[in-house]
Amino acid sequence: MTLRHMKIFVAVFRHSSITKASRELHLAQPSVSLCIRELEEYYGVSLFERIGRGITPTEAGKEFYGYAIHIVDLFEEMEKKIRNWDTLGKLRLGASITIGTHILPVLIQRYQKEFAKLRIEVIIDKSAVIEEHILNNTIDLGLIESSPDNPDLDSMPFMRDSLCAVTAPDHPLTRLREVTLSEIARYPFLMREKGSAGREMLEACFSEQQMAVRPLWESASTQAIVRGVAAGIGVAILPRLLVKKDIEEGTIAEVPLAKPLERNLNMICHRSKYVTPNMKAFMKLCREYGGQQETCRA
């Protein structure tokens, strides 16, 4: 079993196709098929199920992919670094929408003052999507708003954030010193889309109090929700990072919650990932930034 076997396996797994993998690798289809057969004989397990013309990975195949993708990536990283010793390579980052919008630009700006020649590639999407990118090794480090359940992911908090209740400036709730979730839930609710970290946290809080809220609006755009709240269409509970500026400008008003809703913002990486010096430096910067924000709030 060689590194060549692993590279071919990874290509077949990603494409779910011998034909497409052979095209990507510029190999003959029989050579790719033989490689997969040799792997299965070597380990004594079936890595793919052949149904008609298609192939799908078995559970053993999925497990093997988790190791192979990181071994192949580490080898390719070594090749690039040794062959281009004078350059610093690249760092692949992923961030949830809230973090990518309000925190990541500042972090990258600070980071590149020290690592000016480093190429930084970024993907911004939902926290769940960033987790998938980490598992598939298409990014090195992720910054998300949730705590991952997958045992293959290491999670480290770097900052605290909170959710805050917002209404139109002239809404009746603004006359109260604080509100409970049950009080705010009496009004039409505007929510982020299902699958977003803020939505999941909010629904968990309602569930704890045995309440079910059916949103009047659902949107992947926080600004669409803010504009709806400002127009008096309904109320919302959103990450403070996303609405701080709108509150300060008076577009919407914050109504203090009787029980604050706080959460950790987390750095995640694959447990099998080799943590490079560049990654360690960025993780250190994230922790320092989070500590500065805590000091400012205090």
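Residues numbered from 1 in each chain as written. Predicted model: local features only at pLDDT ≥ 70, side-chain atom pairs only at ≥ 80, totals over all residues. Heavy atoms only, no water.

Naming follows an unreviewed UniProt entry, where the protein appears as LysR family transcriptional regulator of Candidatus Limivivens merdigallinarum. We quote the UniProt Sequence similarities (unreviewed entry) comment for the protein here in full: "Belongs to the LysR transcriptional regulatory family." (UniProt positions renumbered as here; feature names shortened; annotations may be inferred.)

**Q** Just to check I follow, could you spell out a nonpolar patch on the surface for this structure?
**A** Side chains of Met1, Tyr42, Tyr43 and Val45 sit close together on the surface and give an oily, nonpolar patch of about 390 Å² of accessible area. Mapped onto the fold, Tyr42 is located in helix 3 (residues 29-43). (Patch = residues over 30% accessible without salt bridge, like charges linked within 9 Å, V, L, I, M, F, W, Y side chains within 5 Å. Areas by Shrake-Rupley, 256 points an atom, 1.4 Å probe, with all protein chains shown as cover. Salt bridge = Lys/Arg side-chain N within 4 Å of Asp/Glu carboxyl O. Helix = DSSP H or I, 4+ residues; strand = E, 2+ residues; numbered from the N terminus.)

**Q** Which parts of the structure should I look at to understand helix 7 (residues 127-135)?
**A** Along an α-helix, a turn takes 3.6 residues, which lines up residues three or four apart on a common side. Within helix 7 the residues assigned to the buried category are Ser127, Ile130, Glu131, Ile134 and Leu135. Viewed along the axis of helix 7, the buried residues span an arc of 145°, placing them on a single side of the element. Positioned one or two residues after helix 7, Asn137 has a phi angle of 60°, which is positive. (Buried < 20%, exposed > 50% of the residue type's maximum accessible area, 1.4 Å probe, protein only. Arc of directions from axis to C-beta.)

**Q** Just to check I follow, could you spell out helix 10 (residues 222-230) for this structure?
**A** Taken as a whole, helix 10 has its buried residues at Thr222, Ile225, Val226, Gly228 and Val229. The buried side chains of helix 10 occupy one side of the element, clustering within an arc of 160° when seen end-on. Buried residues belonging to helix 10 abut strand 6 (153-167), strand 7 (190-192), strand 8 (217-219), strand 9 (236-239) and helix 11 (240-249). A positive phi of about 85° marks Gly232, the residue just after helix 10. (Contact = heavy atoms within 4.5 Å.)

**Q** When you look at the packing of aromatic side chains in this model, what are you seeing that I'm missing?
**A** Taken as a whole and assessed by the stated rule, the structure comprises nine aromatic pairs. Taking 5.4 Å as the distance between ring centres and 45° as the angle between the ring planes, the aromatic pair formed by Phe9 and Phe48 counts as tilted. Residue Phe9 is located in helix 1 (residues 3-15), and its partner Phe48 is located in strand 1 (residues 48-51); the two are separated by 39 residues in the primary sequence. For Phe9, a relative accessible area of 0% puts it in the buried group. On the numbers, 5.7 Å between centres and 85° between planes, the contact of Phe189 with Phe206 is edge-to-face. Here the residue Phe189 occupies a position in the loop between helix 8 (181-184) and strand 7, and Phe206 occupies one in helix 9 (residues 197-208), the gap between them amounting to 17 residues. Residue class for Phe206 comes out buried when judged on its relative accessible area of 2%. (Phe/Tyr/Trp six-rings, centres within 6.5 Å; stacked < 30°, edge-to-face > 60°.)

**Q** I would appreciate a short explanation of the environment of Phe13 in the present structure.
**A** Take Phe13: it is sitting in helix 1. In the structure, Phe13 is positioned 49 residues away from Lys62 in sequence and 8.4 Å away in space, judged by C-alpha atoms. Residues contacting Phe13, with those up to four places away along its chain left out, are Phe48, Pro57, Gly61, Lys62 and Tyr65.

**Q** What exactly am I supposed to notice about the nonpolar core here?
**A** Note that soluble globular proteins tend to have their nonpolar side chains buried in a common cluster. Grouped together as the largest cluster of nonpolar side chains are 25 residues, with contacts concentrated most on Leu93, Leu107, Tyr111, Leu141, Leu143, Phe158 and Phe282. Breaking this core down by element, the ones donating at least two residues are strand 3 (90-95), helix 6 (104-114), strand 5 (141-144), strand 6, strand 11 (261-270) and helix 12 (277-297). Per-element accounting of this core gives the leading share, six residues, to helix 12. For Tyr111, the residues in contact, after removing those within four places along its chain, are Leu91, Leu118, Ile120, Asn278, Ala281, Phe282 and Leu285. Among the nonpolar cores identified, the runner-up in size contains 21 residues, and Phe9, Val10, Val12 and Phe13 belong to it. (Core = buried A, V, L, I, M, F, W, Y, C linked by side-chain atoms within 4.5 Å.)

**Q** Please explain the confidence of the model for the protein as it appears in this structure.
**A** Should the pLDDT be low somewhere, the predicted coordinates at that spot are not to be read in detail. For the protein, mean pLDDT is 88; residues scoring 70 or higher make up 96% of the total. Of all helices and strands in the protein, the one with the weakest mean pLDDT is helix 9 (81), whereas strand 5 scores best (96). (pLDDT = per-residue confidence, 0-100.)

**Q** I tried to follow the environment of Leu216 on my own but got confused; where do I start?
**A** Tracing the sequence through the fold places Leu216 in the loop between helix 9 and strand 8. Between the C-alpha atom of Leu216 and that of Ile233, which follows or precedes it by 17 residues, the distance is 8.8 Å. Setting aside residues no more than four positions away along its own chain, Leu216 makes contact with Pro188, Phe189 and Ile233.

**Q** I'm lost on unusual backbone geometry in this one. Help?
**A** Among all residues except glycine, the phi angle is most often negative; among peptide bonds, the trans geometry is most common. The residue Ser16 is not glycine, and still its phi comes out positive at about 50°. Of note in this structure, Asn137 is not a glycine but carries a positive phi near 60°. Secondary-structure assignment places Asn137 in the loop between helix 7 and strand 5.

**Q** For this particular structure, what's the right way to read the packing of helix 1 against helix 2 (residues 18-25)?
**A** When two helices pack together, their arrangement is given by the angle between their axes and by how far apart the axes lie. Contact geometry for helix 1 and helix 2: axes closest at 8 Å, N-to-C directions at 130°. Of the possible angle classes, the one that applies to helix 1 and helix 2 is oblique. For the pair helix 1 and helix 2, the sense of crossing is right-handed. Residues Lys7, Ile8, Ala11, Val12 and His15 of helix 1 lie in contact with helix 2, whose contacting residues are Ile18, Lys20, Ala21, Glu24 and Leu25. (Axes fitted to C-alpha atoms, helices over the stretch in contact; angles between N-to-C directions. Parallel < 35°, antiparallel > 145°, perpendicular 65-115°, else oblique. Left-handed = near helix turned anticlockwise from the far one by under 90°.)

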